[in-house]
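So you can see what is in the structure, the chains are spelled out below.
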Amino acid sequence: MIFVINSSGSVKLKPCSEKPLLLVKMVSLLVLCSLPLMVSSEPVSSSPGLDLTSNILPDSLPDGDPADFALPVYLAEPKSTYASKEQPGTLRCRVAHARKVYFTCDNEVLKSSTEKDGVDAKSNSKYKEITIDIKRSQVLDILGEYSCRCHASSSQGEVESSAATVDIAYLRKDFETPPYSTHIEVGSQAELRCHPPKGHPAAQVVSWLRNGVPIETKTDSNFIVSSTGHLLILQATLSDTANYSCVAANVARQRTSEAALVTIYIPGSWSSWGEWSSCNVECGRGVQVRKRTCDSPKPVNGGPGCEGPAIKKKSCSKVCPAVDGGWTSWSSWSTCSTD
């Protein structure tokens, strides 16, 4: 008997009394040694030592569809997010080497909101990407944490992502510390403070408005927004008189504070003293006066007036000239008396 291998790779035994026994043994040994290679169902890698079960994309892959011989690899796992009244929380998942990708939330399979296929620019691997939108009402229906995972499967098995949570986001209306109206002297420095409303996640000051228009701190060097969100006016000018509002936001929404009127004023300042007036009498003791006015400059935008008197007085005297005395005419005689 000898082993005969046909074109399909199957092995048959045929009688052959004419063949030498040694030749038959040699052919049989050759066929038996080669048989495991032909009937093996394991995939053959074109790259020795290539790990097709890793969660990292290899530099190269064998020919064919990787979903047939490799486990899925996550290019982007879902990240925890927030849902609010205005908008749902969106979870995104991108996987290479996958035939099927889906989400489960609270141990329930959910239908994807979007699905698309693409090619990763860095690795040139084909991928599947899906998203789901989680509404605020869905999160409220669950007692405790609303948790989701992305699942991806290939011919070699299924891989699941790390858990991502969806939380409720909100932002209150009232600011903890809104900016307050104030008066600032021209040329001085001032700070407008702002603490956002309570919210989850915590809100941040994102901008300031002057008369409803955003302040561009990159182009206007007279304004600085501190790391804590307060507005600094480095050197106040009259043109900085305006209504200022603080804008705070988180993922839920954006809030704008009530406007605070900032008034830049100029305090009044005295002019120089005028000359003394002449003495107000022709002779004897009198008074001299000199004046000044609060117009250098005048008060602007309710600035304080000038302190001190506007008029100064001092005594004066003039010597009266000497005049000799002289009698008047005699008066008429009186009537005769007994005396």
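Our subject is the structure listed above.
Quick summary incoming for the structure in this document.

Thresholds applied
Residues numbered from 1 in each chain as written. Predicted model: local features only at pLDDT ≥ 70, side-chain atom pairs only at ≥ 80, totals over all residues. Heavy atoms only, no water. Pairing = 2+ DSSP bridges. Helix = DSSP H or I, 4+ residues; strand = E, 2+ residues; numbered from the N terminus. Axes fitted to C-alpha atoms, helices over the stretch in contact; angles between N-to-C directions.

1. A closer look at the sheet that holds strand β15 (residues 190–192)
- In space, the 3 strands of this open sheet follow the order β15-β20-β19, with antiparallel pairing throughout. Looking at which strands have only one partner, the edges of the open sheet turn out to be β15 and β19 (223–225). For this sheet the average axis-to-axis angle between neighbouring strands, irrespective of direction, equals 20°.
- The pairing of β15 with strand β20 (residues 231–233) spans 3 bridges and is antiparallel. By the bridge assignment, Glu191 is partnered in β20 with Leu232.

2. Some thoughts on the pairing of strand β17 (residues 204–210)
- Pairing analysis gives 6 bridges linking β17 to strand β21 (residues 242–249), with the strands arranged antiparallel. Paired with Leu209 across the two strands is Ser245, which belongs to β21.
- Taken together, the 2 bridges between β17 and strand β18 (residues 213–214) define a ladder with antiparallel strand orientation. The residue bridging Arg210 from the neighbouring strand is Val213, located in β18.
- Counted along the chain from β17 to the antiparallel partner β18, the turn is 2 residues long, and its residue Asn211 has a positive phi close to 55°.

3. Observations regarding unusual backbone geometry
- Between His200 and the following residue, Pro201, the backbone shows a cis peptide bond with an omega angle of -5°.
- For Pro201, the location among the structural elements is in the loop between β16 (199–200) and β17.
- If you check the backbone angles, Asn211 has positive phi at about 55° while not being a glycine.
- As for its placement among the helices and strands, Asn211 is situated in the loop between β17 and β18.

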